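Observations on chain architecture
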Amino acid sequence: QQNYIRCKRKERDPSEKTFPVFIVATEDGVYVETDDADDAWTIISTLLQRIRHSKHRSVLHGLAMWTLAHDSVVHVIEQLPNTQRLEEYSFHFPEHGPQRCHLNRVLPVPPGGCARTLPVVRKSYIDQFAFLNHPHRNVKPPSVDDSKLAVAMGDSVNLYSRRTTSLGDLPMAMRYRHIMRTVKEVLCVCPSNIHGRGLYCMQDISMGEMIIEYSGTLIRPGLCDIREKYYDSKGIGSYMFRIDRQEVVDATMSGSMARFINHSCDPNCYSRIINVEGRKKIIIFAERNIVRGEELTYDYKFPSEDVKIPCLCGTEKCRKWMN
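From a predicted model like this one, the values you see are computed outputs, not experimental measurements.

Considerations on the sheet that holds strand β11 (residues 269-276)
The strand order β6-β12-β11 describes an open sheet built from 3 strands, whose pairing is antiparallel. The open sheet has two edge strands, β6 (210-213) and β11, and neither has a second partner. Here the strands of the sheet are splayed against their neighbours by 40 degrees on average, with no regard to which way each runs. Summarising the sheet, β6 and strand β12 (residues 279-286) pair through 3 bridges and their orientation is antiparallel.

Some remarks on the nonpolar core
Counting 26 residues, the largest nonpolar core has Leu187, Ile211, Ile212, Tyr214, Ile261, Ile290 and Leu296 as its most contacted members. In terms of residue count, β12 provides more of this core than any other element does, 3 residues in total. The residues touching Leu296, leaving out its near neighbours within four places in the chain, are Leu187, Leu199, Cys201, Ile211, Ile261, Asn262, Asn268, Cys269 and Ile290.

Details of a nonpolar patch on the surface
The grouping of Trp41, Trp66, Leu68, Ile77 and Leu80 at the surface amounts to a nonpolar patch, some 480 Å² of accessible area in total. Following the sequence through the fold, Trp66 ends up in the loop between α2 (62-65) and α3 (71-77).

Some words on helix α7 (residues 221-234)
Helix length check: α7, at 14 residues, gives a terminal C-alpha distance of 20 Å against a target of 20 Å (1.5 Å per residue), a fit within 8%. Among the residues of α7, Pro221, Cys224 and Tyr231 are the ones counted as buried. Around the axis of α7, the buried residues are gathered within 65 degrees of arc, so they sit on the same side. Relative to its buried face, α7 has exposed residues pointing more than 90 degrees away, namely Ile226 and Lys229. Contacts made by the buried residues of α7 are with β7 (217-219), β8 (240-242) and β9 (248-250). Looking one or two residues beyond α7, the residue adopting positive phi is Gly235, at roughly 75 degrees.

Let's talk about the pairing of strand β4 (residues 187-191)
The buried fraction of β4 is high, at 4 of 5 residues. Count of turn residues in the β4/strand β5 (residues 197-201) antiparallel hairpin: 5 residues, of which Gly196 carries a positive phi of about 65 degrees.

Description of the packing of aromatic side chains
What characterises a pair of aromatic rings is the spacing of the ring centres plus the angle enclosed by the ring planes. Counted by the stated rule, this structure contains 7 aromatic pairs. Seen in terms of ring centroids, Tyr214 and Phe241 are 5.0 Å apart; in terms of plane orientation they differ by 50 degrees. Their pairing is tilted. Placement of Tyr214 in the loop between β6 and β7 and of Phe241 in strand β8 is noted, with a sequence separation of 27 residues between them. The two residues Tyr214 and Phe241 agree in class, both being buried. Through a chain of ring-to-ring contacts, the aromatic side chains of Tyr214, Phe241, Tyr298, Tyr300 and Phe302 assemble into a single cluster.

What counts, and at which threshold
Residues numbered from 1 in each chain as written. Predicted model: local features only at pLDDT ≥ 70, side-chain atom pairs only at ≥ 80, totals over all residues. Heavy atoms only, no water. Pairing = 2+ DSSP bridges. Helix = DSSP H or I, 4+ residues; strand = E, 2+ residues; numbered from the N terminus. Axes fitted to C-alpha atoms, helices over the stretch in contact; angles between N-to-C directions. Core = buried A, V, L, I, M, F, W, Y, C linked by side-chain atoms within 4.5 Å. Buried < 20%, exposed > 50% of the residue type's maximum accessible area, 1.4 Å probe, protein only. Contact = heavy atoms within 4.5 Å. Patch = residues over 30% accessible without salt bridge, like charges linked within 9 Å, V, L, I, M, F, W, Y side chains within 5 Å. Areas by Shrake-Rupley, 256 points an atom, 1.4 Å probe, with all protein chains shown as cover. Salt bridge = Lys/Arg side-chain N within 4 Å of Asp/Glu carboxyl O. Expected span 1.5 Å × (residues − 1). Arc of directions from axis to C-beta. Phe/Tyr/Trp six-rings, centres within 6.5 Å; stacked < 30°, edge-to-face > 60°.

Right, dumping it as structure tokens:
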């Protein structure tokens, strides 16, 4: 059913002034013409109530007819300015009532005299990967003790190592394509005791094996400094890896699982720049044999600075500071 309402000017007599005429017409044959909008709405509402009564439906009252009694509409209306001053009104949503604002409370005066001149201070740090620690994400690395016990009993849990060890004599490009296909089967991101979350291996990895590429957006060093300041201003932790003096990999917003590899003063991995099809790639290699369920770590090798970053690796060779 398609209804339309239009307003036009109509002259009864040349001596009289023009006045608006309200015309409501429907395809069902309903036609209302009057010069009073209140009369037009009364006629329409009466016809609507008769139709609903004939269909055995409840009669619409004023608020319901305008959908003002709907919970979503009431929720918005009760949040309008100064609604907390209504003393005799019974709020459908008590959190919007008078208790939400103390009318007699004296607002503090900003130190500078104007709130607009105060600097913006971020209240909390934004963790863009908080979903990885969600309790409904049932992803846990295998136990290291169970892996060692299985090896002692002769169980074949080293399939990945045997398969990839045979690729050691192949070119880097072929080994690189192999790890890109199997990386999700071998690695997983789980909570870490070092810092937030880390990268764990789900299968044994032999020494010298290629594990994963540290990938992300390739940017210039000048843009790297600008992005670091931007991320700090937003409270976002940055993930940067410098390839050389001309290129830096930014894995903050998009990148591989390698960005979750934590620092350790006694690491089990190391990073290496290789050339694959004319492009430089950052590849993480195994520095020793890694048992499944073990967290992957490598030395960040931060330059020495006055502002020290504490190291939380907890190993016997810990240097206490990352830089």
